[in-house]
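The primary structure of each chain is shown beneath.
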Amino acid sequence: MSNDMTPPHDAAGAYVLGILDDVDAAAFEAHLVDCDVCAAHVEEFAGMEPMLAMLADAEAQGPPRPPLPDPYGDEVFDAFAPRPPAPAAVPGPPMSPPLPRPRRTPAEPIAVAPAPELLDRLIDEVGAKRAARRRRSLYLVAAAAILVVGGPAVAVVATSGGDRSNQAVAPHPHPTSPAEDAFFHHMDEKIEATDPTTKVSATVGLEKKGWGTHTVLELKNVKGPLKCRLVAVSKTGEEEVVTSWAVPKWGYGIPGATQESAKNPLYVHGGAAMDRADIDHFEVRTFDGERLVEVEA
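Everything quoted here is computed from the prediction, not taken from an experiment.

**Considerations on the packing of aromatic side chains**
- One pass over the full model with this rule turns up three aromatic pairs.
- Measuring from ring centre to ring centre gives 5.0 Å for Phe183 and Phe184, while their planes differ by 90°; the resulting arrangement is edge-to-face.
- Of the residues examined, Phe183 reaches a relative accessible area of 0% and is grouped as buried.
- Connected via pairs of aromatic rings, a cluster forms that spans Phe183, Phe184 and Tyr267.
- Positioned above the aromatic ring of Phe183 is the side chain of Lys190, whose terminal nitrogen or guanidinium carbon lies 5.1 Å from the ring centre.
- If you follow Arg229 out to its NZ or CZ, it ends over the ring of Phe287, 4.3 Å from the centre.

**Overview of the sheet that holds strand β10 (residues 291–296)**
- Judged by pairing direction, the sheet is antiparallel, and its four strands sit side by side in the order β7-β6-β9-β10 without closing on themselves. Only two strands of the sheet have a single partner each, and these edge strands are β7 (239–247) and β10. Neighbouring strand axes in the sheet, compared pairwise and without regard to direction, differ in orientation by 15° on average.
- Sheet analysis places strand β6 (residues 226–234) next to β7, joined by eight bridges and oriented antiparallel.

**Side note on unusual backbone geometry**
- The step from Gly224 to Pro225 runs through a cis peptide bond, and the omega angle for that step is 5°.
- The residue Pro225 is located in the loop between β5 (212–220) and β6 in this model.
- Unusually for a residue other than glycine, Lys199 sits at a positive phi of about 65°.
- Counting through the fold element by element, Lys199 comes out in the loop between β3 (189–194) and β4 (201–209).
- With a phi close to 55°, Asn221 is a non-glycine residue in the positive phi region.
- Note that Asn221 resides in the loop between β5 and β6.
- Residue class for Asn221 comes out partly exposed when judged on its relative accessible area of 28%.

Parameters and conventions
Residues numbered from 1 in each chain as written. Predicted model: local features only at pLDDT ≥ 70, side-chain atom pairs only at ≥ 80, totals over all residues. Heavy atoms only, no water. Phe/Tyr/Trp six-rings, centres within 6.5 Å; stacked < 30°, edge-to-face > 60°. Buried < 20%, exposed > 50% of the residue type's maximum accessible area, 1.4 Å probe, protein only. Lys NZ or Arg CZ within 6 Å of the ring centre and 35° of its normal. Pairing = 2+ DSSP bridges. Helix = DSSP H or I, 4+ residues; strand = E, 2+ residues; numbered from the N terminus. Axes fitted to C-alpha atoms, helices over the stretch in contact; angles between N-to-C directions.

In structure tokens:
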């Protein structure tokens, strides 16, 4: 906007009243596209148009005001600097009449009213944003109410044997994570193995996707501190890291553990670009390269 104009946030009223020139009106409309504050001001000031119309009608119905004297007319100049008396007529050739004084007309500001389409669009956008904020607030309140009223959930776990029937564990189960929920409810296939040396047990849930293979790992009887990764190995020997995680010192899925979190298995999401049919097996390895367990695919 021009240097002599007010800051952009203060120009909303002038814009609605249509007293901005072409340059400032165009600059303010470009500013409105990304400014929620000015959009709200335009919506609020738009309600002043009926009031301004009433004021204009009242002024039109009042007594006419006397015209102001022309600041550049002869009368004003004569009032401050009277002309000297005209000299006596002298016989001779006729003199040409004096040239009229040039009169300057003050430049009138060009008023640019906002386009009705732009004003309607801005009002609609502000209304939509306010409605979205109200909906988000209601969703948050509803979610908080569910958490307060719902109470503890029942966790679903799998047995360590070949029969992976579901059973409810109570009381005080640990909260079900998204990975754990996907493991029990969304995996089309599950394969498991236990290493005879490390005694680490792993079950890999598999789900075919258009982009590759979605996996969820269930890991038991592993103690830390460790940093591990799940590696998918193809039938041609290619390797791809599916996911990685850290094992705290108390571990995961430890039978007879005194700490509640150590009793629960680890569930972690992952994904491989390999097609399910191309995967030969999975390996759980430490960052140091030690293989904890291998699961044939």
